Amino acid sequence: MSIRVVMADDEELARRVLREHLNTESDIEIVAECSNGFEAVKAVNELAPDLVFLDVQMPKLDGFEVIELIDSDAAVVFVTAYDQYAMRAFDAAAVDYLLKPYSADRFRASLERVRVRLREAKPAASVPKDLKLASRAPGDHVERIVVKDGPKVHVIPAGKLDYAEAQDDYVALRSEGRLWLKQQTISSLESALDPRRFIRLHRSYLVNVERIARIDANTKDTWLAVLTDGTKIPVSRGGYARFREIVGGE
Amino acid sequence: MHPVLQNWRRFGLWMGAWIPLGAILILVARLSGHLTFFEAMAVMTPAIIVMAFVCLSPFYVCRSLPLRSAPREKILINHLAAAFILTGGVMLVGRFAASLLTPSFHRLDERFGTAVPVLALVVLMIYFVAVALHYAALELEASRRNEILAREAQLKALKAQVNPHFLFNSLNSISALTTIDAGQAREMCVRLADFLRTSLRLGERVTVSFAEEMALMKMYLDVEQVRFGGRLRMKQDIDPACSDCDMPALLIQPLVENAVKHGIAMMAEGGEIVLAGTRDHDWLRFSITNPYDPEAPSTGRNGLGLRNIRDRLESRYGGSARMEIKVEERLYSVILTLPAGKRK
């Protein structure tokens, strides 16, 4: 049984080195070569490969965003000239992290790791999606949120997100008059976004500070946030305290 | 603490300077007060020693009221007040010495009294000279500090110069080419070496000609061309009159790197980098424009490179050079306007 591989790198020459190394292995079958993040997500979701080689900096989507958007349990190996993403890569459950340029020996060692990983029972190896999403250095916040829109990918810049509402295993993201669903918990979304710009006003709501027009008292211990477009969002006691802390007391 | 009081050598020099100044004061006291030379010296010596220290005090006032930024009237009032008070103090010391010595010298305090107005005027003048000297010294120190800052900015630019990721990616391209096309692999090694050698050579200098800087940029793009192939295209529109203009070394090199890293590398289909240079009498205008994808994933741009350029322009040209950044629909431009000094 061969290992089916998808590779994604925007540089033609980088893909060629990879292909050359892979061609020397008898149990490898390259099923797709992609030159940007969109293509990579599409290829992985359609072809369900066993192994994905991912560059970090690519047009459209970076390597980490690609991981967020793929459904499969494929083993991921990052291939990049930057060493500063290694921690994040392993947090995102990458099997290996290859630094360009790499030697044939180093490449074979990496493939060996992948083979071991693929032989193991898959469920044990798979990492909860939330952990993948939360993999980020402290103080490093995402500037955009990527969501799957059928076969396509939609990018929501953080500044254009009005609020997020928890819905079971999903979050509903409100942006520019539309609603997007993403498989992620609201807590992991909260930790990914800049806490000075997004406040958890309620267990189920994360709100963009700039969208809050005012906060009205509702009952004794609850409040209602009115957004600039008129939407009303419940505010818990804790949420109100967080709001006061960020916006400053009135 | 005052710099003069910080080491013995400086202190010795300062006190030494008071020997001729003291002699002048003694002479003034002798002439306008009908004192003998010996009397004048006896009365004035304590006052002169006090003055040597009093004339160090403008340091603190000068430092807290810089000539450039503090309001004029505030500077004037503060120094005048200090001058009158301190002159009064010095005169009191003189009077006190005279009254102590009166028993030994006939009517000394009376004779000294007639010298006081002229003496006070001279002391006041000396104090004002001390104020002026302090301002001059502070100014000198500020300009020296600026020079050090400029040097540091240059060093920082140099360090940022050979970007390690550029090197690693180039080496990766070479590693790919070795089996695909050995001839091109060798060519790539040569281009990389040319670029590195030239950037080291230019980096050692403070200024280079515009033509030299452009040649370096061309070498850089030649290397990146191998990596990006058809995705990287370049257009140049440079007025030949720009060539011999003098400019800080490696000033615009980081701009090309940005154009590739944040522009071309983030576009699936690539794009064209446009370099333009014009010379208009005393001004050199250079612009670099690259297409960019406003929806591209973050490439960790933190504006450090641009701030560095701005700092270097500021330290070299003061306010007269400009850097503008223009962001249009899908085009990002940086425009530099520098005084067009000719290379000697």
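The rules we used
- Residues numbered from 1 in each chain as written.
- Chains lettered and ligands numbered in written order.
- Predicted model: local features only at pLDDT ≥ 70, side-chain atom pairs only at ≥ 80, totals over all residues.
- Helix = DSSP H or I, 4+ residues; strand = E, 2+ residues; numbered from the N terminus.
- Buried ≥ 20, exposed ≤ 12 C-beta atoms within 10 Å, placed from the backbone.
- Contact = placed C-beta atoms within 7 Å.
- Nonpolar A, V, L, I, M, F, W, Y, C, P; charged D, E, K, R; others polar.
- Pairing = 2+ DSSP bridges.
- Axes fitted to C-alpha atoms, helices over the stretch in contact; angles between N-to-C directions.
- Parallel < 35°, antiparallel > 145°, perpendicular 65-115°, else oblique.
- Left-handed = near helix turned anticlockwise from the far one by under 90°.
- Core = buried A, V, L, I, M, F, W, Y, C linked by C-beta atoms within 7 Å.
- Expected span 1.5 Å × (residues − 1).
- pLDDT = per-residue confidence, 0-100.

Asker: How do you make sense of the overall build of chain B when you look at a structure like this?
Answerer: In terms of regular secondary structure, chain B is built from 10 helices and seven strands. The buried share of chain B, taken over its 344 residues, is 31%. Sequence-distant contacts, at least 24 apart, represent 75% of the contacts inside chain B between residues at least 6 apart.

Asker: It is not clear to me how the overall build of chain A should be interpreted in this structure. Could you clarify?
Answerer: Within chain A, the secondary structure is distributed over nine helices and 15 strands. Per-residue burial over chain A gives 38% buried out of 250 residues. Looking at chain A alone, contacts between residues at least 24 apart form 53% of all its contacts between residues at least 6 apart.

Asker: How should I be thinking about the interface of chain A and chain B in this particular structure?
Answerer: Think of interface size as the accessible area that goes away when the parts come together; that is how it is often given. Contacts between the two partners involve 22 residues from chain A, matched on the other side by 24 residues from chain B. Here the side of chain A that touches chain B gets six residues from one element, more than from any other, and that element is helix α1 (residues 12–23) of chain A. Partitioned by chemical class, the residues of the side of chain A that touches chain B number nine nonpolar, three polar and 10 charged.

Asker: What is the right way to look at the sheet that holds strand β2 (residues 28–34) of chain A in this model?
Answerer: Two modes of strand pairing occur in sheets, parallel and antiparallel, and in both the strands are linked by backbone hydrogen bonds. All names here are of chain A. Here we have five strands laid out as an open sheet, ordered β2-β1-β3-β4-β5, and parallel in their pairing. The open sheet terminates on both sides in strands that have one partner only, identified here as β2 and β5 (96–99). Direction aside, neighbouring strands of the sheet carry axes that sit 20 degrees apart on average. As paired elements, strand β1 (residues 3–8) and β2 share six bridges and run parallel to each other. When the bridges of β2 are listed, A8 appears paired with C34.

Asker: How should I be thinking about the packing of helix α6 (residues 164–180) of chain B against helix α7 (residues 182–203) of chain B in this particular structure?
Answerer: When two helices pack together, their arrangement is given by the angle between the helix axes and by the axis-to-axis distance. Residue and element names in this part refer to chain B. At a minimum axis distance of 7 Å, the contact between α6 and α7 shows a crossing angle of 160 degrees. In this view, α6 runs roughly antiparallel relative to α7, as classed from their interaxial angle. The crossing of α6 and α7 is left-handed. In this structure, α6 contributes S170, S173, I174, L177 and T178 to the contact, and α7 contributes A182, Q184, A185, M188, C189 and L192.

Asker: Would you mind going over the sheet that holds strand β15 (residues 232–235) of chain A with me for this structure?
Answerer: Residue and element names in this part refer to chain A. With antiparallel pairing, the three strands of this open sheet are ordered in space as β13-β14-β15. Looking at strand neighbours, the two that pair on one side only are β13 (212–217) and β15, the edges of this open sheet. Recorded for the sheet is a direction-independent mean angle of 25 degrees between the axes of neighbouring strands.

Asker: What am I meant to see in the nonpolar core here?
Answerer: V76 and V77 of chain A are the most contacted members of the largest nonpolar core, which has 107 residues in total. Considering each element in turn, this core owes the most residues, nine residues, to helix α8 (residues 210–228) of chain B. Once you skip the residues sitting within four places of it in the chain, V76 of chain A turns out to touch V52, L54, I67, A94 and V95 of chain A. Within the second largest apolar cluster, 25 residues are counted, among which are A40, F59, F112 and Y127 of chain B.

Asker: What should I look at first to understand the pairing of strand β10 (residues 178–183) of chain A in this one?
Answerer: All names here are of chain A. The sheet contact formed by strand β9 (residues 170–175) and β10 spans six bridges and is antiparallel. If you follow L173 over to β10, its bridge partner there is W180. If you look at the hairpin formed by β9 and β10, you'll find two residues sitting between the two strands, and E176 has a positive phi there, around 45 degrees.

Asker: Explanation requested: the environment of L206 of chain A in the structure shown.
Answerer: Residue and element names in this part refer to chain A. As for its placement among the helices and strands, L206 is situated in strand β12 (residues 205–208). Distance from L206 to V171, taken between C-alpha atoms, is 9.8 Å for residues 35 residues apart in sequence. When residues no more than four places from it in sequence are discounted, the contact partners of L206 are Y163, A164, I186, L189, E190, F198 and R200.

Asker: How do you make sense of α6 of chain B when you look at a structure like this?
Answerer: Taking 1.5 Å per residue, 17 residues should reach 24 Å; α6 of chain B reaches 25 Å between its end C-alpha atoms and fits that length. The complete set of buried residues in α6 of chain B reads F166, N169, S170, N172, S173, I174, A176 and L177 of chain B. Residues of α6 of chain B that are buried make contact with α1 of chain A together with α7, α8 and α9 (253–263) of chain B.

Asker: Whenever I open this one, the confidence of the model for chain B confuses me. Can you help?
Answerer: The predicted structure's coordinates, where accompanied by low pLDDT, should not be read in detail. Confidence in the prediction for chain B averages 88 pLDDT; 96% of positions are at 70 or higher. Two summary scores accompany this predicted model of the complex, namely pTM at 0.69 and ipTM at 0.78.

Asker: Please explain the packing of helix α2 (residues 37–54) of chain B against helix α4 (residues 72–101) of chain B as it appears in this structure.
Answerer: Residues and elements named next belong to chain B. Relative orientation of the contacting elements α2 and α4 amounts to 155 degrees, with a least axis distance of 8 Å. In this view, α2 runs roughly antiparallel relative to α4, as classed from their interaxial angle. Viewed along their axes, α2 and α4 form a crossing whose handedness is right-handed. Along the contact surface, α2 presents A42, V43, M44, P46, A47, V50, M51 and V54, while α4 presents L86, V90, V93, G94, A97, A98 and L101.

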